[in-house]
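# Geometric and topological summary
Listed here are the chains, written in short residue letters.
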Amino acid sequence: MSWQPKPWRPDKRSPASRRTTSDILSHHPDCALIRSLPGMGVVLTAEFQAAIGNIARFASADALAAAAGLAPVQRQSGKRAGWRRAYGGDKALKRVFCQSAFCAVTQKDPLSKAFYDRKRKEGKHHTQALIALARRRVTVLWTMMQRRQTFDPKRNAA
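Residues numbered from 1 in each chain as written. Predicted model: local features only at pLDDT ≥ 70, side-chain atom pairs only at ≥ 80, totals over all residues. Heavy atoms only, no water.

## Concerning the overall build of the protein chain
For clarity, the cut-off: Numbering of helices and strands runs from the N terminus, with a helix taken as a DSSP run of H or I at least four residues long and a strand as a DSSP run of E at least two residues long. The contact rule is simple, with two residues in contact once any of their heavy atoms fall within 4.5 Å. The method behind every accessible area is Shrake-Rupley, applied with a 1.4 Å probe, and residues are considered shielded solely by the protein chains displayed.
Looking only at helices and strands, the protein chain has seven helices and two strands in total. Element order for the protein chain, N to C, with α for helix and β for strand: α-α-α-α-β-β-α-α-α. For the protein chain, the proportion of contacts with a sequence separation of at least 24, taken over those separated by at least 6, is 58%. Just so you have it, the protein chain exposes about 10,400 Å², and 53% of that area is on carbon and sulfur atoms.

In structure tokens, the structure reads:
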């Protein structure tokens, strides 16, 4: 007789462990702030909170972008100098920002879509434009959390 996997039985857990991600996030003080940014859903908000912990550990938006691997890195040798994209950084945090940028563009957020379209007209490829938008959203999200203000589309930010 061959090995048979045990059948899956839902809800065999205790009632306390059945809480959903949105239930857990609803009690977090930063949840409403983060979710007010277009493209940041429940899952991306949870991943963002898990990746950064406390926003106070980042002195600036540039520090958060560097931690996420979204800040450009200087490349130089001798008299030659230039910029390249970063290969390091927290991959999970980078994914959160890139995925939220993609969601904002595809959900037709007018500010994000305008920024993305402007980068495309400048000659950037799709991925380059999304990374530029993700970097812009790092600054917006960091500022929102520092000022304790929800996203306001009238402030002309991505």
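## Looking at unusual backbone geometry
Put simply, the rule reads: When accessible area is computed with a 1.4 Å probe and restricted to protein chains, residues below 20% of their type maximum are described as buried, those above 50% as exposed, and intermediate ones as partly exposed.
Here Lys 108, not a glycine, exhibits a phi torsion of approximately 65°, which is positive. Relative to the helices and strands, Lys 108 resides in the loop between helix 5 (91-106) and helix 6 (110-121). The class of Lys 108 is exposed, set by a relative accessible area of 58%. Even without being glycine, Arg 148 reaches a positive phi, approximately 60°. With respect to the secondary-structure elements, Arg 148 resides in the segment after helix 7 (126-147).

## Focus: the environment of Ile 34
Its place among the elements puts Ile 34 in helix 2 (residues 31-35). According to the relative accessible area criterion, Ile 34 is buried, its value standing at 0%. Note: C-alpha distance between Ile 34 and Met 144 (110 residues apart in sequence) is 8.0 Å. Those residues within four positions of Ile 34 in sequence are excluded, and the remaining contacts are Met 40, Thr 45, Phe 48, Gln 49, Leu 141 and Met 145.

## Re the nonpolar core
This is how it is decided: Only buried residues count toward a nonpolar core, which is a set of Ala, Val, Leu, Ile, Met, Phe, Trp, Tyr and Cys residues joined through side-chain atoms within 4.5 Å.
Membership of the largest hydrophobic core comes to 34 residues, with the highest contact counts inside it found for Met 40, Phe 48, Leu 64, Leu 93, Phe 97 and Leu 141. Counting only elements with at least two residues in this core, the list comes to helix 3 (42-52), helix 4 (61-68), helix 5, helix 6 and helix 7. Among the elements that line this core, the one with the most residues is helix 7, at ten residues. Ignoring any residue separated from it by four or fewer positions in sequence, one finds Leu 93 in contact with Phe 48, Ala 51, Ile 52, Leu 64, Ala 67 and Ala 68.

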